[in-house]
Amino acid sequence: MTPVIELRNIERTYASGEIEVRAVRDVSLTIQPGEFVAIMGASGSGKSTMMNTLGCLDRPTGGSYLLDGIDVSKLNRDALADIRNRKIGFVFQGFNLLSRTSAIENVELPMLYSHKRLKSSQLREKALAALDIVGLAPRAGHYPNQLSGGQQQRVAIARALCNEPSLLLADEPTGNLDSQTSIEIMGVFQKLNEQGITIVMVTHELDIAHYTQRNIVMRDGSVVDDSPVKDRLFATEELRRLAEALHAVRLHP
Amino acid sequence: MKIRATLIMAFRALRRNKLRTALTMLGIIIGVAAVIAMVAIGNGATSQVENQIAALGQNVVLIFAGSFTAGGVRAGWGNAGTLKVGDADAIKREIPAAVAVSPEVRTNVQIGAENQNWFTNVLGESPDYFGIRNWQFAEGTSFSDRDVRGGTKVAVIGQTIVRQLFGEDDALGDVLRVKGVPFQIVGVLAGKGLSVMGQDQDDVVVVPYTSAMKRLMGVNSLRSINVEADTSDDIVPVQNQITDLLRQRHKIVGANGDDFTIHNQQEFTDAATATSRILTVLVVSIASVSLLVGGIGIMNIMLVSVTERTREIGIRMAVGAHGRDILLQFLIEATSLSSMGGVIGILLGIGASKLLSIFAQWPTLVSPLSVILSFMFSACVGIFFGFYPARKAAALDPIEALRYE
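Along each chain, residues carry numbers from 1 onward, in the same order as the chain's sequence is written. Chain letters start at A and ligand numbers start at 1, both assigned in the order the entries are written. Under the rules for a predicted model, residues below a pLDDT of 70 receive no local features and side-chain atom pairs below 80 are neither given nor counted, while totals for whole chains, interfaces and linings still include all residues.

What to know about the overall build of chain A
Link 1 in the chain: Here a strand is any run of E in DSSP of at least two residues, a helix any run of H or I of at least four, and the numbering for each starts at the N terminus. In terms of helices and strands, chain A carries eight helices and ten strands.
Link 2 in the chain: On C-alpha atoms alone, chain A measures out to a radius of gyration of 19 Å, which is about the 18 Å that the 2.2 N^0.38 rule sets for 253 residues.
Link 3 in the chain: Considered along the principal axes of its C-alpha atoms, chain A spans approximately 60 × 50 × 40 Å.
Link 4 in the chain: Here the C-beta atoms are placed from the backbone, and a residue counts as buried if at least 20 other C-beta atoms lie within 10 Å of its own, exposed if 12 or fewer do, and partly exposed otherwise. Per-residue burial over chain A gives 46% buried out of 253 residues. Throughout, the radius of gyration refers to the C-alpha atoms, and the reference size of a globule is 2.2 Å times the residue count to the power 0.38.

Digging into the sheet that holds strand β5 (residues 70–71) of chain A
All names here are of chain A.
Link 1 in the chain: The strand order across the open sheet built from four strands is β2-β1-β4-β5, with neighbouring strands paired in antiparallel fashion. Strands at the two margins of the open sheet, each flanked by one partner only, are β2 (19–31) and β5.
Link 2 in the chain: As defined by bridge partners, strand β4 (residues 62–67) adjoins β5 across two bridges and the pair is classed as antiparallel. If you follow L66 over to β5, its bridge partner there is D71. Between any two strands, at least two bridges found by DSSP are needed for them to pair.

Quick notes on the domain arrangement of chain B
Link 1 in the chain: Start and end positions for the domains come from either an automated domain assignment or a database one. Each assigned domain of chain B is listed with its residue range as follows: domain 1 (3–52 + 271–403) and domain 2 (83–258).
Link 2 in the chain: Computed from C-alpha coordinates alone, the two centres of domain 1 of chain B and domain 2 of chain B are separated by 56 Å.

Some points on unusual backbone geometry
Link 1 in the chain: Of note, the phi angle at D220(A) is positive, near 50°, even though the residue is not glycine.
Link 2 in the chain: Along the chain, D220(A) turns up in the loop between β9 (214–219) and β10 (222–228).
Link 3 in the chain: With phi around 55°, K251(B) is a residue other than glycine that occupies positive phi space.
Link 4 in the chain: With respect to the helices and strands, the residue K251(B) is situated in the loop between α8 (235–249) and β12 (260–264).
Link 5 in the chain: The exposure class assigned to K251(B) is exposed, which follows from the 7 C-beta atoms found within 10 Å.

Regarding the sheet that holds strand β6 (residues 88–91) of chain A
All names here are of chain A.
Link 1 in the chain: Strands sit in the order β6-β7-β8-β3-β9-β10 across an open sheet of six strands; the sheet is mixed. The sheet is open, and its two edges are formed by β6 and β10, each paired on a single side. Between one strand axis and the next, the sheet turns by 20° as a mean value, whatever way the strands run.
Link 2 in the chain: One ladder, built from four bridges, connects strand β3 (residues 36–40) with β9; its direction is parallel. Lines fitted to the C-alpha atoms define the axes, with helices restricted to the stretch that makes contact. Angles between their N-to-C directions range from 0 to 180 degrees.

Section: the environment of A393(B)
Residue and element names in this part refer to chain B.
Link 1 in the chain: Within the fold, A393 resides in helix α12 (residues 368–394).
Link 2 in the chain: By C-beta crowding, A393 is classed as buried, having 27 other C-beta atoms within 10 Å.
Link 3 in the chain: It is 32 Å that separates the C-alpha atoms of A393 and V371, two residues lying 22 residues apart in sequence.
Link 4 in the chain: In contact with A393, not counting residues within four places along its chain, are V306, I313, I326 and F330. Each residue is represented by a C-beta atom placed from its backbone, and any two residues with such atoms within 7 Å are regarded as in contact.

Brief notes about helix α4 (residues 120–133) of chain A
Residues and elements named next belong to chain A.
Link 1 in the chain: Its 14 residues give α4 an end-to-end C-alpha distance of 20 Å, which sits within 8% of 20 Å, the value for a rise of 1.5 Å per residue.
Link 2 in the chain: Taken together, the buried positions of α4 are L123, A127, A130 and L131. Down the axis of α4, the buried side of the element spans an arc of 100°, and every buried residue falls inside it. Residues of α4 that are exposed and point more than 90 degrees away from the buried face comprise S121, Q122 and E125. Given the number of residues in a helix, its expected span is that number minus one, multiplied by 1.5 Å. Here, the arc refers to the directions that run from the helix axis to the C-beta atoms.

If you want it as structure tokens, here you go:
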């Protein structure tokens with residue numbers, strides 16, 4: 001089976017004035033289809049650069065990056081944009097929905113830039129289906145400012161799903177959310193992962209990383225740890241436990 | 001990326017900022033409306049002048065006798081006595097394209113009828129004159145060629161003469177005394193109103209030129225000859241043929257000055273419409289400045305818009321928009337702004353010119369060409385001034401743009 005991600009000796013250096021900053025140093029790793037990976041690290045560890053590289057927003061200065069078997073490390077701007085459109089779904093910390101644009105229109109956005117020629121009725125249908133997966137179909141017509149943070153993030157996930165990507169990339173997806181909503185969002189990710197979608201998530205929250213299958217820890221641009229999660233958390237259980245705890249608090253005032 | 005989707009996105013973006021969109025379009029609206037209205041007014045004025053001149057007659061060529069000088073006093077056109085009736089006959093005989101010829105003499109005299117009198121112009125003409133000047137009869141008919149040959153005492157009078165001498169009475173068949181000579185009125189001309197120069201064209205008595213020369217003026221030379229060319233293409237050839245013919249008849253050779261002058265209709269039209277053309281050009285150039293300012297307004301707002309929407313651009317690029325998709329989006333936004341402004345301006349301009357013709361009685365004529373040109377120009381303004389901001393947006397780095405606060 002072709003790995004979704006295959007990094008071979010990836011380097012990313014920035015020239016900042018006289019000094020060369022090596023943000024990512026000689027990273028090699030492989031992620032197979034169906035994996036749920038968390039990339040962790042303190043700020044400045046190179047995980048954001050890693051994310052940009054994996055997301056084809058940035059090109060490595062050395063090494064090669066095979067996404068779904070295609071070497072994308074030498075592609076130009078437009079070709080990278082096409083790869084992003086077809087193979088990658090993005091979920092950001094700040095949701096990054098277009099303001100004053102309804103949820104469904106936000107979800108339609110990647111399809112507008114797709115090479116597939118879809119009729120507007122088909123666009124609508126697919127966008128609604130994607131919203132349905134994250135449980136937001138009834139709010140398709142709402143604007144981002146009418147939705148809670150968790151709901152906005154669900155819209156963003158639906159947007160990431162609509163082009164049926166090989167890889168879902170999430171950059172601190174729970175960074176702006178409270179703990180319960182964070183667990184709910186992780187529940188959405190776990191559900192998607194069970195359906196076979198490969199998810200790579202960057203986070204610095206250890207408990208959030210426990211919902212994934214595999215944790216990669218970075219420090220100073222290098223991978224220092226890469227191990228499977230031992231005591232994995234499941235969102236459904238955690239939410240039930242939370243609800244029970246809340247119930248208990250109410251019973252004993 | 002589909003053009004339709006881009007168009008929809010552009011309109012959504014413009015709709016989000018209605019007030020800003022309206023204010024940005026205002027510059028273009030005012031510029032286009034001004035151009036349309038001013039061109040309409042200019043065209044209206046020009047066509048009015050052209051109509052007035054056409055009322056003088058179609059394809060008319062006028063030959064004036066040369067200026068005559070006595071003791072250093074120059075007497076002005078028509079007084080040299082160099083044009084003879086024979087010249088007019090020769091023109092009619094030898095130049096086939098000269099379809100109508102009327103020799104002309106004129107004098108200002110006191111006339112009378114019944115118990116009224118009036119000072120007016122008396123013209124001596126041939127019956128062709130009424131055809132050349134495209135002049136209809138309200139009553140009666142023209143005098144005939146036989147009247148011309150016989151020097152009969154018959155007259156055709158204008159509406160002003162009827163009003164001044166006869167009032168409500170029927171003038172036809174009555175006797176008109178010109179310098180004491182009784183003329184029988186055989187025709188009454190339809191009203192023509194004021195000329196381009198503001199003269200009352202109806203204040204006129206027309207008699208056979210032979211009668212005028214013999215009985216009223218005692219002269220044997222003409223003031224001028226009115227000639228009508230067959231078609232407008234014939235005007236210049238006829239003019240040249242007349243020049244050759246008259247030089248030959250007057251025995252003028254080589255570089256010696258002609259003792260006559262020829263003018264044609266076109267010269268009068270050109271002179272009369274030149275002023276309104278200059279005015280139109282001036283106003284249109286002022287309006288173009290307004291369009292330029294409007295364009296700069298669009299550029300300004302598009303630059304603001306690109307900065308404001310940096311994050312949006314980042315998101316679009318992250319989900320797969322190419323640089324040219326972003327370029328197209330902003331270009332379409334700018335062009336929609338300017339061409340919508342153009343359309344509104346065209347409607348306003350047409351409305352304004354219609355209002356002017358209704359309330360200020362100004363003749364206006366909206367030219368389709370000015371409508372098409374203003375629309376194209378406003379669309380081009382959008383493309384031109386939208387290009388720089390759009391290119392700036394398209395060149396953004398997606399990572400930077402996503403991080404932009």
